[in-house]
Amino acid sequence: MPLPSPGRPRLRLALAAAGLVLILAGCVPTGTTRESANPQDAQTVQENLAVAANNLRSYAILDDEFAPEIRAHLFGIPGLRSLSSVTEARVLAAIESNGSFGGRAAYSPVLTDPAARRPAERFIVAPQVQDPRTTGAPTSGASDAGTAGKFPTEAEESEPGERLEIGNEVLAAGGDFLVSRLWVRGPGDDRPQASVLVTQISTDTTVDIGDLFDAEVDAAAIAVDAFGHVTLEGSQVPEKSLTALGRTVSKSLRTPLALPAAADERRPDYSCSLLPCVALTYDDGPGDPEGEDSLLDAAAEAGVRLTYFLLGRNVAAFPGTVERMVDQGHEIANHTHSHPQLDRSSPATVRAQVRQADDAIEAAGAGRPELLRPPFGALDSAAAGVLGHPAILWDVDTEDWRHKNPGKVVASVARDARPGSIVLMHSIHPSTIEASPQVFRTVAEKGLYAVTTSELFAGVELSAGAQYYCRGYGSELCSNPEHPAVLRK
Ligand SMILES: [Zn+2]
């Protein structure tokens with residue numbers, strides 16, 4: 001099947017900027033337009049898909065709050081931020097254009113039972129079946145070829161209805177590239193809208209697959225066959241119809257997949273604009289090193305990151321503990337030097353208290369903190385005016401300092417934590433540390449993603465002196481520039 005004539009102007013910004021096209025131009029293969037079907041290639045293709053399946057993580061968003069209801073199943077792979085951010089932007093645009101923001105300025109993430117997350121293999125598209133005795137001609141028309149490699153896959157399982165259905169899936173992966181397809185089917189649509197994304201792993205860059213072709217193509221018609229060759233409407237795409245990048249990607253798909261080596265698997269692949277997140281915060285430390293170590297161990301075991309609001313004087317007393325917190329990727333923030341009540345302190349005292357804690361934290365190797373929590377949550381306009389940091393409050397108060405009861409800490413989180421919450425705890429109480437493994441389990445079982453406070457607010461511009469109770473998605477106690485009506489200053 002001939003491709004339309006070339007000449008389509010197309011942005012190739014991301015990869016071109018990375019110099020990829022130029023660098024790899026020397027490796028462009030020449031030769032036949034149809035390569036032979038090599039059994040070794042078929043094995044590599046399967047092995048690569050298995051590696052992708054073993055490394056991907058499954059996300060489910062089942063949202064019935066506004067019409068149309070949303071049914072989204074997405075995969076992400078640690079270290080491929082470019083893929084998840086392009087995917088997330090398109091998912092949010094689809095949700096908004098279908099009306100599922102419910103009139104709000106932003107999407108309000110919902111809790112979804114983790115049991116709804118699909119198994120990894122359902123995000124893998126089986127390669128198009130071919131007869132290895134031929135020269136690689138696809139047998140997609142044959143009755144035994146089934147629907148493998150055809151589009152849509154997951155989407156065709158259900159009839160068009162009133163729901164907004166969204167999914168992404170791995171079409172192929174190999175060498176330095178991963179090819180995925182994102183589909184969106186709005187209410188009543190017969191067919192989903194598809195886009196196919198090509199991610200270069202080493203540079204973490206993602207572009208539309210159109211950049212691989214010399215002409216405009218229908219993304220829904222693109223597949224990869226069992227031998228790692230890109231196909232269009234079931235036919236192998238001739239080399240001459242591919243750009244230099246396209247030939248490089250095509251060749252890579254028949255080599256072993258190399259996923260990112262050092263990705264932080266504790267970080268969710270999607271942001272808190274789409275996922276229901278919670279920030280678990282611990283104040284007043286560092287406390288005694290043994291207790292803090294237990295908490296750090298529990299966090300490592302659960303694969304969660306925490307936010308510590310530390311007192312400058314305690315940081316100076318236990319710099320080694322701060323170092324471990326930093327090494328393990330937790331967020332360190334300012335809780336003043338010695339815990340005064342800022343609304344009863346002079347502006348000069350507030351400034352000095354904030355600066356001393358900033359200095360101590362920086363001296364301990366944690367960098368200059370961005371965020372601050374006023375002791376007792378007490379802040380008046382005079383103190384706010386000289387704070388120099390956003391004031392991070394909380395919407396879930398475990399009252400752990402009062403009852404010192406691990407069961408009550410867990411119960412508070414189980415009952416009150418919701419998407420966007422900030423949970424207040426204190427690492428100086430053994431009862432709170434004892435509760436922490438169960439707190440982490442409770443959060444995960446609710447379907448919440450534990451993130452640092454800065455991650456919770458990613459994409460939201462925080463102002464010095466303003467107070468933030470949670471990432472607000474509609475509660476009057478929360479503040480968020482996405483919902484200015486509930487911003488409290
Ligand atoms: Zn405190």
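Keep in mind that what you see is a predicted model, and the values were worked out from it rather than measured.

Peer 1: How should I be thinking about unusual backbone geometry in this particular structure?
Peer 2: Trans peptide bonds make up most of the peptide bonds, and negative phi angles are found at most residues other than glycine. A cis amide bond links Ala-67 to the next residue, Pro-68, at an omega of -5°. Note on placement: Pro-68 falls in the loop between strand E1 (57-63) and strand E2 (70-76). Residues Gly-285 and Pro-286 are joined by a peptide bond in cis, for which omega reads -5°. A positive phi is found at Glu-233, a non-glycine position, where the angle reads about 50°. Its location among the elements puts Glu-233 in the loop between strand E8 (230-232) and strand E9 (235-236). With a phi angle near 75°, Asp-284 is a residue other than glycine that sits in the positive phi range.

Peer 1: I'm lost on the packing of helix H6 (residues 289-302) against helix H13 (residues 430-446) in this one. Help?
Peer 2: The axes of two packed helices give the description: the angle between them and the distance between them. Where H6 contacts H13, the two axes come as close as 9 Å, and the packing angle between them is 0°. As the angle between them shows, H6 and H13 are arranged roughly parallel. Every residue of H13 that contacts H6 at Gly-291, Ser-294, Leu-295, Ala-298 and Ala-302 is listed here: Pro-430, Ile-433, Ser-436, Pro-437 and Phe-440. Tallied by class, the residues present in the contact of H6 with H13 amount to seven nonpolar, three polar and no charged.

Peer 1: Please clarify how the sheet that holds strand E3 (residues 164-174) should be interpreted in this entry.
Peer 2: Two pairing modes exist for strands in a sheet, parallel and antiparallel, and in both the strands are linked by backbone hydrogen bonds. Pairing is mixed across the open sheet formed by six strands, whose spatial order is E1-E2-E3-E4-E5-E6. Looking along the sheet, the strands with just one partner apiece sit at the ends: E1 and strand E6 (205-208). Neighbour-to-neighbour, the strand axes of the sheet open up by a mean angle of 20°, direction not taken into account. The pairing of E3 with strand E4 (residues 177-185) spans nine bridges and is antiparallel. What sits directly across from Ala-173, in E4, is Leu-178. Helix H3 (residues 39-55) rests against E3 and E4 of the sheet, and its axis sits at about 130° to E3.

Peer 1: Hey, could you run me through H13 in this one?
Peer 2: Compared with an ideal rise of 1.5 Å per residue, which puts 17 residues at 24 Å, H13 spans 25 Å between its outermost C-alpha atoms and is within 8% of the ideal. The principal kink in H13, of about 45°, is found at Ser-436, preceding the proline Pro-437 by one to four residues. All of the buried residues along H13 are Thr-432, Ile-433, Glu-434, Ala-435, Ser-436, Val-439, Phe-440 and Val-443. Its buried side turned inward, H13 meets strand E10 (277-283), H6, helix H11 (400-403), helix H12 (406-416), strand E15 (421-426) and strand E16 (449-451). At the C-terminal side of H13, Gly-447 shows a positive phi close to 95°.

Peer 1: Please clarify how the pairing of E10 should be interpreted in this entry.
Peer 2: Taking burial as the measure, the seven residues of E10 include seven buried ones, the bulk of the element. Side-chain alternation along E10 places Cys-277, Ala-279, Thr-281 and Asp-283 on one buried face and Val-278, Leu-280 and Tyr-282 on a second face that is also buried. In the sheet, E10 pairs with E16 via three bridges, with the strands oriented parallel. Paired with Cys-277 across the bridge in E16 is Tyr-449. As paired strands, E10 and E15 are joined by six bridges and run parallel to one another. By the bridge assignment, Leu-280 is partnered in E15 with Val-423. For E10 and strand E11 (residues 307-310), the ladder comprises three bridges, and the chain directions are parallel. Bridge assignment links Tyr-282 to a residue of E11, and that residue is Tyr-308. Once the chain exits E10 it traverses H6 before rejoining the sheet at E11, and the crossover so formed is right-handed.

Quick notes on the rules
- Residues numbered from 1 in each chain as written.
- Predicted model: local features only at pLDDT ≥ 70, side-chain atom pairs only at ≥ 80, totals over all residues.
- Helix = DSSP H or I, 4+ residues; strand = E, 2+ residues; numbered from the N terminus.
- Axes fitted to C-alpha atoms, helices over the stretch in contact; angles between N-to-C directions.
- Parallel < 35°, antiparallel > 145°, perpendicular 65-115°, else oblique.
- Contact = placed C-beta atoms within 7 Å.
- Nonpolar A, V, L, I, M, F, W, Y, C, P; charged D, E, K, R; others polar.
- Pairing = 2+ DSSP bridges.
- Expected span 1.5 Å × (residues − 1).
- Bend = angle between axes of the 7 residues up to and from the residue.
- Buried ≥ 20, exposed ≤ 12 C-beta atoms within 10 Å, placed from the backbone.
- Right-handed = clockwise from strand over helix to strand, strands pointing away.

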